[in-house]
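Examination of the molecular architecture
Here's the letter readout for the chains.
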Amino acid sequence: MSVKKKNQIDLLSRFLILAVVFVGFAIARPASFLSVDNITQVVFQQAPFMILLAFGMSLAMISGGIDISMSSTMVLSSYMSAAYFQQGNYLMGIIVAFGIGIAFGLFNGLLISKVKIEPFIATFSVDFMALGFAYVVCNGEYVYGFSDGFRSIVNGHLIPCLPNVALITILIFLVLYFFTRRTTYGRTLYSLGYNKKAAKLSGMHSERVIMSIYVINGLLAALTGILYLARLNAADPSIRGTLTNDAIASALIGGIAFCGGTGSVVNTVIGSMIIMFIRNGMNIMGVSTNWQQAVVGFVILFAIIYERVLNNILAKQAGKAK
């Protein structure tokens, strides 16, 4: 069976998991779960924030790496730019936020591609640095009270019935899908995850691609930070929460292998929606957040075991075909 066919089967199975989750909660709490307000809130207002960070995590994982630092970079960039947005100096706010994102992305990329530090260790260290800087700069104070014009970045509607935050996420999805699936850059990205040594020997610009991945992640983190400012109407270092774990979970549940080389941003969206609907459904049912974490953990484990079983079955079929 070809890799393309295997990926199609894998993707369809993730759609099936999403459908089972959705139908299950629809049966359990039809009035609340299936309401238009609830569905639109989950899909168009809540999920985009997780999906944006999960996009970056997925790019890193497809290349055989990981980025633990995205949520802390998001916190630092949002806090450092908050005062400018509050004063109406949007251009400076954007420059500061994206500048911080690029700087930390470059730092991660240099540590991984040039210094040859393992991605987990490099980004784990940078995560502590970024979050520490955020708390030092914050000094226990919060920036809040932004204009309605700024907050419309999230709540406004350039397209009727489609919140701007969802529109931004869709546009980024389309760009990432094109570059990862239709360009030489994308082929290099997957080759790094599949066999890094072979990718280098074939003449691919592997170090440049690795650098670019973490710069993209920094930009996505900064963008998410700006969107969070608009949504929460405040700069708060505690917004980091479980976003890193959620981004990793979205990728794994969606079917992106931790060892790299497989998956796509489509998988990321499906994985994020599975998590969002699980949490939303359990909130409606009054399930505690502790149990929600446990259930998400179980789903991650199920996804990994399923991936292993599917690979074994396909390997056996390929052996018989020979």
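Source: prediction; values computed, not measured.

1. Quick word on the pattern of salt bridges
- Taken as a whole, this structure holds 3 salt bridges when the rule is applied.
- Linking E207 and K116 is a salt bridge whose minimum nitrogen-to-oxygen distance equals 3.1 Å. Here K116 lies in the loop between α5 (90–113) and α6 (119–138) and E207 lies in helix α11 (residues 206–232), a separation of 91 residues in the sequence.
- Here K116 falls in the partly exposed class, since its relative accessible area comes to 48%.
- A salt bridge links D246 to R279, with the nearest nitrogen and oxygen atoms 2.9 Å apart. Of this pair, D246 sits in helix α12 (residues 243–254) while R279 sits in helix α13 (residues 265–284), and the two are 33 residues apart along the sequence.

2. Some points on empty space enclosed by the protein
- If you walk through the whole model with that rule in mind, you get 1 cavity of 30 Å³ or more.
- Considered as a void within the structure, the largest cavity measures approximately 30 Å³ in volume.
- Where the lining of the largest cavity is concerned, the elements lending two or more residues are α4 (70–86), α5 and α11.
- At 4 residues, α5 tops the list of elements feeding residues into the lining of the largest cavity.
- Looking at side-chain class alone, the lining of the largest cavity contains 3 nonpolar, 7 polar and 1 charged residues.

3. Remarks on a nonpolar patch on the surface
- A cluster of nonpolar side chains, namely F120, I121, F124 and F128, defines an oily patch on the protein surface of about 430 Å² accessible area.
- Note on placement: F120 falls in helix α6.
- The partly exposed category is assigned to F120, whose relative accessible area is 45%.

4. Quick notes on the layout of surface pockets
- Taken as a whole, the second largest pocket holds about 470 Å³ of empty space.
- Lining the second largest pocket are 17 residues, with M50, T242, D246, M276 and R279 positioned closest to its centre.
- Elements that contribute at least two residues to the lining of the second largest pocket include exactly α3 (36–62), α11, α12, α13 and α14 (289–321).
- Counting residues per element, the lining of the second largest pocket draws most heavily on α13, which supplies 4 residues.
- Here the residues of the lining of the second largest pocket are counted per class, giving 6 nonpolar, 8 polar and 3 charged.

5. Some remarks on the confidence of the model for the chain
- Summarising the model, the chain shows a mean pLDDT of 88, and 94% of its residues fall at 70 or more.
- Model confidence for the chain, summarised as mean pLDDT per element, is weakest for helix α10 (residues 196–201) at 66 and strongest for α5 at 96.

6. Describing the packing of helix α9 (residues 184–194) against α11
- One way to put it is that α9 packs onto α11 with a least axis distance of 10 Å and a crossing angle of 95°. What the angle tells us is that α9 and α11 run roughly perpendicular. The segment α9 lies against α11, with Y185, T188, L189 and L192 engaging S206, V209, I210, S212, I213 and I216.
- Taken together, the residues of the contact of α9 with α11 break down into 7 nonpolar, 3 polar and no charged.

Rules and cut-offs
Residues numbered from 1 in each chain as written. Predicted model: local features only at pLDDT ≥ 70, side-chain atom pairs only at ≥ 80, totals over all residues. Heavy atoms only, no water. Salt bridge = Lys/Arg side-chain N within 4 Å of Asp/Glu carboxyl O. Helix = DSSP H or I, 4+ residues; strand = E, 2+ residues; numbered from the N terminus. Buried < 20%, exposed > 50% of the residue type's maximum accessible area, 1.4 Å probe, protein only. 1 Å grid on protein atoms, 1.4 Å probe; cavity = no way out; pocket = protein on both sides within 12 Å on 5 of 7 lines; lining within 4 Å. Points joined across faces, edges and corners; volume = space filled by probe spheres on them. Nonpolar A, V, L, I, M, F, W, Y, C, P; charged D, E, K, R; others polar. Patch = residues over 30% accessible without salt bridge, like charges linked within 9 Å, V, L, I, M, F, W, Y side chains within 5 Å. Areas by Shrake-Rupley, 256 points an atom, 1.4 Å probe, with all protein chains shown as cover. pLDDT = per-residue confidence, 0-100. Axes fitted to C-alpha atoms, helices over the stretch in contact; angles between N-to-C directions. Parallel < 35°, antiparallel > 145°, perpendicular 65-115°, else oblique. Contact = heavy atoms within 4.5 Å.

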